[in-house]
Amino acid sequence: MKAVTTSPPSLDVDVVLPCLDEAEALPWVLARVPRGWRALVVDNGSTDGSADIARAMGATVVHEPRRGFGAACHAGLAAATADIVCFCDCDASLDPSLLAPFVGEVRAGEADLVLGRRRPQNRGAWPPHARVGNFALARILRRRTGLRLHDLGPLRAARREALLALGLTDRRSGYPLQMVVRAADAGWRIAEHDVPYLPRAGASKVTGTWRGTWQTVRDMRRVLAEAPVPEGIRR
């Protein structure tokens, strides 16, 4: 893996954590957010007390009643005030402390968007159907954008104002892909680095089943069929 610039925790970083019934995972995740960063837990209709746990641990809770991964992520982006915004799943499959070098790379101007390429740490971390779906979409993405990315994972960092300027519209499973596609169309420098991927806590709401994976692939294929981003928001 290419060496990246490290950086100490800073108050100009918000971490968006989309959350739907993640009471089991939240303590582990929030304890690993770098000190000085603000955790934005976007509650997407939890019924297990996730929001209360997040508040008790010092996180800022944002409520997004409209269901959908993209809806939760975008609500967090809209609520963020920091210069740099990170995204991380809230299911304990990814360690938010791994975002520190990503932030350093963005802050140093070495990249505009930094993504984590998930590397499963055991067989149970990434179900075969989810891995196959991700591989297929990554290949389509390469044809669409020319980017040689391997993963569309949720661990990522970029500047808030630039992300808002992309005009992201997907509010379902296509949100992470739309961010990458529009960033590529806008001429962003996009970097990808390996990150360990752990078995998630609890059941997946998206890719835990073949049906959920198919819905995700369908959402993402729709994003890939969109016209290129307008010239007005190119860098």
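Residues numbered from 1 in each chain as written. Predicted model: local features only at pLDDT ≥ 70, side-chain atom pairs only at ≥ 80, totals over all residues. Heavy atoms only, no water.

### Topic: the overall build of the protein
- The helix and strand inventory of the protein stands at 8 helices and 7 strands.
- Of all 235 residues assigned to the protein, the portion counted as buried reaches 54%.
- Taken as a whole, the protein presents about 10600 Å² of accessible surface, with 54% of it coming from carbon and sulfur. (Helix = DSSP H or I, 4+ residues; strand = E, 2+ residues; numbered from the N terminus. Buried < 20%, exposed > 50% of the residue type's maximum accessible area, 1.4 Å probe, protein only. Areas by Shrake-Rupley, 256 points an atom, 1.4 Å probe, with all protein chains shown as cover.)

### Digging into the pattern of salt bridges
- Tallied over the full model, the rule gives 11 salt bridges.
- A salt bridge links Arg159 to Asp83; its shortest N-O distance comes to 2.1 Å. Here the residue Arg159 occupies a position in strand β6 (residues 156–159), and Asp83 occupies one in the loop between α3 (69–79) and β4 (84–87), the gap between them amounting to 76 residues.
- Notably, a salt bridge pairs Arg189 with Asp112, separated by 3.0 Å at the nearest N-O pair. Of this pair, Arg189 sits in the loop between α7 (175–185) and β7 (190–197) while Asp112 sits in the loop between α4 (100–107) and β5 (113–120); the two residues are 77 residues apart in sequence, bridging distant segments of the chain. (Salt bridge = Lys/Arg side-chain N within 4 Å of Asp/Glu carboxyl O.)

### Considering the sheet that holds β7
- Pairing within the open sheet is mixed, and its 7 strands lie in the order β3-β2-β1-β4-β6-β5-β7. Where the open sheet ends on each side, the last strands, each with one partner, are β3 (60–63) and β7. Each strand of the sheet is rotated relative to its neighbour by a mean of 20 degrees, with strand direction disregarded.
- Sheet analysis places strand β2 (residues 38–43) next to β3, joined by 4 bridges and oriented parallel. For Asp43, the partnering residue across the bridge sits in β3 and is His63.
- Across the sheet, α3 is in contact with β1 (13–19), β2, β3 and β4; its angle to β1 comes to roughly 155 degrees.
- Of the strands in this sheet, β4, β5, β6 and β7 are in contact with α7, which crosses β5 at around 135 degrees. (Pairing = 2+ DSSP bridges. Axes fitted to C-alpha atoms, helices over the stretch in contact; angles between N-to-C directions. Contact = heavy atoms within 4.5 Å.)

### Points about α7
- With 11 of 11 residues buried, α7 is to be regarded as a mostly interior element.
- Of all the residues in α7, the buried ones are Tyr175, Pro176, Leu177, Gln178, Met179, Val180, Val181, Arg182, Ala183, Ala184 and Asp185.
- Positive phi shows up at Gly187, right after α7, with a value of about 85 degrees.

### Considerations on the packing of aromatic side chains
- The final tally for this structure, using the stated rule, is 0 aromatic pairs.
- The cationic tip of Arg118 hangs over the ring face of Tyr197; the distance from NZ or CZ to the ring centre is 5.2 Å. (Phe/Tyr/Trp six-rings, centres within 6.5 Å; stacked < 30°, edge-to-face > 60°. Lys NZ or Arg CZ within 6 Å of the ring centre and 35° of its normal.)

### Let's talk about the confidence of the model for the protein
- Residue-level pLDDT values for the protein average 86, and 84% of them are 70 or greater.
- A low-confidence stretch, residues 1–9 (pLDDT under 50), is modelled with 19 contacts involving residues beyond four sequence positions or located in other chains. (pLDDT = per-residue confidence, 0-100.)

### Notes on the side chain of His74
- Its location among the elements puts His74 in helix α3.
- According to the relative accessible area criterion, His74 is buried, its value standing at 15%.
- Of the polar contacts made by the side chain of His74, one reaches the side chain of Tyr175; its length is 2.9 Å.
- In this structure His74 touches Leu168, Arg171 and Tyr175, once residues within four positions along its chain are discounted. (Polar contact = N/O pair within 3.5 Å; in protein donor to acceptor, adjacent residues only side chain to side chain.)

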